[in-house]
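These are the residues of each chain, in order.
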Amino acid sequence: MASHKRIPMIAGNWKMHLTSKEAADLAAAMKKGLDPDLKHEVLLAPSFTNLHAVKAAIAGSRILLASQDVAWEEKGAFTGAVSPAQIIDAGCTHALIGHSERRKIFLETDEVVNKKMKAAIKAGIVPVLCIGETLEERESQKTYRVLETQLTGAFAGITPAEANRVVIAYEPVWAIGTGKTATPDQAQDAHVFVRKQMERIYGKDYAEAVRILYGGSVKADNIDELMAQGDIDGALVGGESLKADKFLRVIHFQAVLSR
Ligand code: 13P
């Protein structure tokens with residue numbers, strides 16, 4: 001059963017899409033279409049260059065802003081990187097960390113992910129930690145081992161108090177941008193495993209409270225069945241979050257469950 005204590009979060013990862021005008025327009029459409037009584041947390045993660053425009057567009061709404069990445073250093077000669085203080089200055093409360101595209105394309109290791117987690121937490125940013133296995137890993141029965149390694153690595157040296165607000169996003173790499181969503185059962189299984197790992201690391205209370213989002217081809221027409229799973233506390237949405245009407249439907253999911 002889903003816990004009533006866990007507030008659902010629906011996050012849109014806009015990846016490397018949209019000009020600042022397009023991003024502001026989409027954000028404004030989100031603000032306009034949001035049910036004022038909705039209690040979920042809604043998070044938008046535009047490109048760095050679009051943060052200010054989106055911040056202005058969502059002003060006065062309860063939509064939250066995230067960066068898609070964050071540097072682990074505070075300042076200095078790190079060409080191309082954006083510091084925690086800079087993303088806070090741009091209006092972010094959250095940062096995606098360790099997205100599979102960063103891991104695969106930009107060669108981020110668990111050690112790098114861990115440094116970014118620590119830097120974000122120190123600055124007061126809530127990390128949305130992304131983890132997930134590749135198709136090859138799933139097919140060779142390594143899913144659990146991979147998730148365990150990623151979680152152990154990401155949280156190394158982080159105290160329970162520091163880890164308090166972290167959100168975890170389980171995104172199987174084979175489901176990202178492929179249209180191949182994990183079945184609700186596959187996702188639920190992985191989420192239960194992730195929660196067990198968090199219990200191993202930080203204890204039962206933490207594990208009960210931590211929110212675990214599912215990501216990977218989440219769509220307007222599959223969100224309801226995903227959110228009906230007891231351990232799926234929200235979604236991290238890529239492609240579908242670029243279409244205002246579809247993403248609004250995802251945000252206003254109708255879980256048949258006791259939420
Ligand atoms: P898609 O929803 O496009 O599969 O992307 C998922 C994702 O990577 C969100 O971070």
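Shown above is the structure to which this text applies.
Report follows, based on the coordinates. Fair warning: this is a prediction, and the values are worked out from it, not measured in the lab.

Side note on the overall build of the chain
Tallying secondary structure elements over the chain gives 11 helices and 8 strands in all. Summarising its shape, the C-alpha atoms of the chain cover approximately 45 × 45 × 35 Å along the three principal directions. Here the chain holds 259 residues, and 53% of them are scored as buried. Considering only intrachain contacts with a sequence separation of at least 6, the fraction spanning at least 24 residues in the chain is 72%. For the chain, the exposed surface amounts to about 12,000 Å²; the carbon and sulfur share of it is 55%.

Details of the packing of helix α1 (residues 20–33) against helix α11 (residues 244–251)
Between α1 and α11, the shortest axis-to-axis distance is 10 Å and the interhelical angle comes to 45°. One way to sum up the angle between α1 and α11 is to call them oblique. Once α1 is placed against α11, the crossing between them reads as right-handed. On α11, the residues touching Leu26, Ala29, Met30 and Gly33 of α1 are Ala244, Phe247, Leu248 and Ile251. Partitioned by chemical class, the residues of the contact of α1 with α11 number 7 nonpolar, 1 polar and no charged.

Some remarks on the site of the ligand
Around the ligand, 13 residues are found, and the nearest of them are Lys15, His99, Glu171, Gly177 and Ser217. Taking histidine 99, its side chain carries an N or O atom lying 2.8 Å from an oxygen atom of the ligand. Glycine 238 has a polar backbone atom sitting 2.9 Å from an oxygen atom of the ligand. Residues of the shell around the ligand, tallied by class, amount to 4 nonpolar, 7 polar and 2 charged.

Quick notes on the packing of aromatic side chains
If you walk through the whole model with that rule in mind, you get 4 aromatic pairs. Taken together, a centroid distance of 5.6 Å and an interplanar angle of 85° make the contact between phenylalanine 155 and tyrosine 202 edge-to-face. Residue phenylalanine 155 is found in the loop between α7 (143–154) and β6 (167–170), and its partner tyrosine 202 is found in helix α8 (residues 184–202); the two are separated by 47 residues along the sequence. Accessibility assignment for this pair places phenylalanine 155 and tyrosine 202 in one class, buried. Each ring, one from tyrosine 202 and one from tyrosine 206, has its centre 4.8 Å from the other, and the planes form 50°; the classification is tilted. Each of the two residues, tyrosine 202 as well as tyrosine 206, counts as buried. Directly above the ring of phenylalanine 106 sits arginine 102, whose terminal nitrogen or CZ lies 4.1 Å from the centroid.

Section: the sheet that holds strand β7 (residues 212–215)
Taking strand neighbours around the barrel as the criterion, the 8 strands line up as β1-β2-β3-β4-β5-β6-β7-β8 in a closed arrangement whose pairing is parallel. The mean inter-strand angle of the sheet, taken between neighbouring strand axes irrespective of direction, is 25°. Alignment of β7 against strand β8 (residues 234–237), held across 2 bridges, turns out to be parallel. By the bridge assignment, tyrosine 214 is partnered in β8 with alanine 235. On the sheet, α11 packs against β1 (9–13), β2 (41–45) and β8 and is oriented at approximately 155° with respect to β1.

What about the side chain of histidine 94?
Residue position: histidine 94 is located in strand β4 (residues 94–97). Judged by relative accessible area, histidine 94 falls into the buried class, the value being 6%. A distance of 2.7 Å separates the side chain of histidine 94 from the side chain of threonine 93, its partner in a polar contact.

Topic: the pattern of salt bridges
Under the criterion given, the structure shown has 16 salt bridges. For lysine 15, the salt bridge identified is with glutamate 101, shortest N-O distance 2.8 Å. Here lysine 15, found in the loop between β1 and α1, pairs with glutamate 101, found in helix α4 (residues 100–105); they are 86 residues apart in sequence, far enough to count as distant. Note that lysine 243 and glutamate 240 form a salt bridge whose closest N and O atoms lie 3.0 Å from each other. Classification of lysine 243 as partly exposed rests on a relative accessible area of 39%. Note on glutamate 240: relative accessible area 4%, which makes it buried.

Observations concerning the nonpolar core
One finds Ile10, Leu44, Leu129, Phe155, Met198 and Tyr214 to be the most contacted residues of the largest nonpolar core, which totals 67 residues. If you tally residues by element for this core, the top one is α8, at 6 residues. The next biggest cluster of nonpolar side chains, apart from the first, holds 13 residues, and it includes Met9, Ala11, Leu43 and Ala45.

Calculation criteria
- Residues numbered from 1 in each chain as written.
- Predicted model: local features only at pLDDT ≥ 70, side-chain atom pairs only at ≥ 80, totals over all residues.
- Heavy atoms only, no water.
- Helix = DSSP H or I, 4+ residues; strand = E, 2+ residues; numbered from the N terminus.
- Buried < 20%, exposed > 50% of the residue type's maximum accessible area, 1.4 Å probe, protein only.
- Contact = heavy atoms within 4.5 Å.
- Areas by Shrake-Rupley, 256 points an atom, 1.4 Å probe, with all protein chains shown as cover.
- Axes fitted to C-alpha atoms, helices over the stretch in contact; angles between N-to-C directions.
- Parallel < 35°, antiparallel > 145°, perpendicular 65-115°, else oblique.
- Left-handed = near helix turned anticlockwise from the far one by under 90°.
- Nonpolar A, V, L, I, M, F, W, Y, C, P; charged D, E, K, R; others polar.
- Near = heavy atom within 4 Å.
- Polar contact = N/O pair within 3.5 Å; in protein donor to acceptor, adjacent residues only side chain to side chain.
- Phe/Tyr/Trp six-rings, centres within 6.5 Å; stacked < 30°, edge-to-face > 60°.
- Lys NZ or Arg CZ within 6 Å of the ring centre and 35° of its normal.
- Pairing = 2+ DSSP bridges.
- Salt bridge = Lys/Arg side-chain N within 4 Å of Asp/Glu carboxyl O.
- Core = buried A, V, L, I, M, F, W, Y, C linked by side-chain atoms within 4.5 Å.

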